[in-house]
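Chain residues, written in single-letter form:
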Amino acid sequence: RDTEEARAILAALAPRIQKCEEEFKPQGIGSSLYGLQQFADSPELELVLSAMCPKISECSMVFQPWEVAMALRGLAWCSEACTPALAVVEALVPHVESCRPLHSRRLHLAFSGLRHLGSGTAVTQMVSALAPHVRRARDLQPETVAILREVLAPMRSTEAEDLLSALDRLPGSLEDQGWGARARDPEQSDLPKGWSVHRQGDRVFYHHPEHGSQWSKPGEEFPDGWTSHVGPCGRTYYHHPEHGSRWDPPLLARALPVPGRHRGEAAGRRGSADHREATHGRARAGPRSSAERGGARGGHNLRAR
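Residues numbered from 1 in each chain as written. Predicted model: local features only at pLDDT ≥ 70, side-chain atom pairs only at ≥ 80, totals over all residues. Heavy atoms only, no water.

## As for the overall build of the protein
What counts is decided by this rule: Working definition: helices are DSSP H or I runs of at least four residues, strands are E runs of at least two. Numbering for both runs from the N terminus. Values of accessible area rely on a 1.4 Å probe in the Shrake-Rupley scheme; residue burial ignores everything except the protein chains shown.
Each helix and strand in the protein was counted, giving twelve helices and seven strands. When the accessible surface of the protein is summed, it comes to about 17,500 Å², and 50% of that surface belongs to carbon and sulfur atoms.

Right, dumping it as structure tokens:
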């Protein structure tokens, strides 16, 4: 977490990274940067990223797709004002160009790290390096499609525009499979401001330029404290500060209707408020013991118990 204590650790690590004479391996670079994904711009973060830049450039080993994806994901909360973050992106470009193809999950991680870095030279170069990976992808999930569009839409480069067009026209790609298309759905008008509804085949997902994508409908009612999020893997999860995280959506407990007793009009007149309360009380309490049933026959007041 981005706390004062954690930033103090970053400040202490930066000079150690600078002084390290051993070549950093791709796995170490990817894991180190991935561990920074919850840190926003700060002097301490900039020190670490500045120290990592030459290590990335000097690395002579070929990066694996997941190492590239993790490295970029680590910049998720950096802004375009963070110059060392942009330098890290630029240093990673040749490694992205030389690594094996990134599939949907890796592309989701990579592009999610670029979301807040603007559309300057470094990001433009990285998009150009990632473009062949996107064009070869055949398994893009709707959340990944939304992230791609979010990063590419503000860019004015020819590469970005061509890539957006390619997403729609490549055989077997996104639109041919119904992924990422804006759903023509009447519930669009019920969404909070900024949210849009999309479809992946028969499934519906929701996207917001700032909050990302999720399967659950925005404004959907959850128990107190629960919120929905989209994880780095592109899957929606649900989190509570005390109960932790889960994949299944938490549901509000709703009282089930108690089946009515159809015994005619006379029985309906005898069914007083006290009787209905007692009936609900038995339903909540569950089956009674033989002693309780005997007590009830003996005229004991059920509510008094």
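Here the narrative resumes, following the displayed structure.
## Here's the deal with the environment of A110
Our working rule: Any pair of residues with heavy atoms lying within 4.5 Å of one another is described as a contacting pair.
For A110, the location among the structural elements is in helix 6 (residues 104–112). Remark: the alpha-carbon pair of A110 and L72, spanning 38 residues in sequence, is separated by 5.1 Å. Filtering out sequence-adjacent residues up to four positions away, A110 remains in contact with A69, L72, L102 and L130.

## So, the packing of helix 6 against helix 7 (residues 121–136)
To keep it simple, the criterion reads: Only the stretch in contact is used when fitting a helix axis, every axis being a line fitted to C-alpha atoms; angles between N-to-C directions are given from 0 to 180 degrees. By the definition adopted for this analysis, an angle is roughly parallel if under 35 degrees, roughly antiparallel if over 145, roughly perpendicular if from 65 to 115, and oblique otherwise. What makes a crossing left-handed is the near helix being turned counterclockwise from the far one by less than a right angle; a clockwise turn instead makes it right-handed. Residues were grouped as follows: Ala, Val, Leu, Ile, Met, Phe, Trp, Tyr, Cys and Pro as nonpolar; Asp, Glu, Lys and Arg as charged; and all remaining residues, including Gly, as polar.
Running from N to C, helix 6 and helix 7 cross one another at 150°; their axes reach a closest spacing of 11 Å. Relative to helix 7, helix 6 is oriented roughly antiparallel. As for how helix 6 packs across helix 7, the hand of that crossing is left-handed. Mapping the contact onto sequence places L107, A110 and F111 in helix 6 and L130, H133 and V134 in helix 7. Residues belonging to the contact of helix 6 with helix 7 are distributed by class as follows: five nonpolar, one polar and no charged.

## Structural notes on helix 2 (residues 26–34)
In an α-helix, one turn spans 3.6 residues; hence positions three or four apart end up facing the same way. Under the convention used in this document: Buried residues are those whose accessible area, probed at 1.4 Å on protein chains only, stays under 20% of the maximum for their type, while exposed residues exceed 50% and partly exposed ones sit between those limits. The arc refers to the directions leading from the helix axis to the C-beta atoms.
Turning to helix 2, its buried residues are P26, I29, G30 and L33. Mapping the buried residues of helix 2 onto a view down its axis gives an arc of 95°, with all of them on the same face. Residues of helix 2 that are buried make contact with helix 3 (43–58), helix 4 (65–73) and helix 5 (83–98).

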